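# Structural description and commentary
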Amino acid sequence: MDSSLSNPDASKVFTMRFIFSKEMDALSVQNPYNWQISRASGKDIGGAYNWGLAIPATEVNISPLPTSVTYNKDTHAAEVSFRIVQNSSANGAIDPSHIVFKFYGKDAYGNKMDPKADEYSGISKIV
């Protein structure tokens, strides 16, 4: 993901851009507590993590909340920033295609997200 993460305890902020199909409630989108970042597991939309094998002890954990979220009402785009921290042995791994982003907010009309279509993962490439 980034060569700087090959150093012990290194951290890097990454940003994902999400484009909504309609205008969203800006405060709802920008509230970090309306977002959840996790690792795909089991039979989630993202598929079985690591082909169903146990998660190795060296796996890097990602904070479940973003560090920041911005929203552009003109483009309907949200930019979700999150931090990944390498472990102290510098042997941690993360597969970015298995990171799941879930949004619990609402649109500009007050409608909540459909729980069947409120998340994205790199492996599914769908919402």
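Each remark here, short or long, concerns the structure printed above.
This brings us to the side chain of Asn34. Among the structural elements, Asn34 can be located in the loop between helix H1 (26-30) and strand E2 (35-39). If we ignore the near neighbours within four places in the chain, the residues touching Asn34 are Ser28, Lys102, Phe103, Tyr104 and Gly105.

Let us look at the sheet that holds strand E4 (residues 77-85). Judged by pairing direction, the sheet is antiparallel, and its three strands sit side by side in the order E1-E4-E3 without closing on themselves. The sheet is open, and its two edges are formed by strand E1 (11-19) and strand E3 (68-72), each paired on a single side. Sheet twist, expressed as the average angle between the axes of neighbouring strands with direction ignored, equals 20 degrees. Summarising the sheet, E3 and E4 pair through five bridges and their orientation is antiparallel.

A few words on the environment of Asp9. Here Asp9 is to be found in the segment before E1. Sequence separation between Asp9 and Gly92 is 83 residues, and the spatial gap between their C-alpha atoms is 9.8 Å. Aside from chain neighbours lying at most four places away, what touches Asp9 is Val85, Gln86, Asn87 and Ser88. Within the structure, Asp9 has its side chain in polar contact with the backbone nitrogen of Ser88 (distance 3.5 Å).

About the thresholds
Residues numbered from 1 in each chain as written. Predicted model: local features only at pLDDT ≥ 70, side-chain atom pairs only at ≥ 80, totals over all residues. Heavy atoms only, no water. Helix = DSSP H or I, 4+ residues; strand = E, 2+ residues; numbered from the N terminus. Contact = heavy atoms within 4.5 Å. Pairing = 2+ DSSP bridges. Axes fitted to C-alpha atoms, helices over the stretch in contact; angles between N-to-C directions. Polar contact = N/O pair within 3.5 Å; in protein donor to acceptor, adjacent residues only side chain to side chain.

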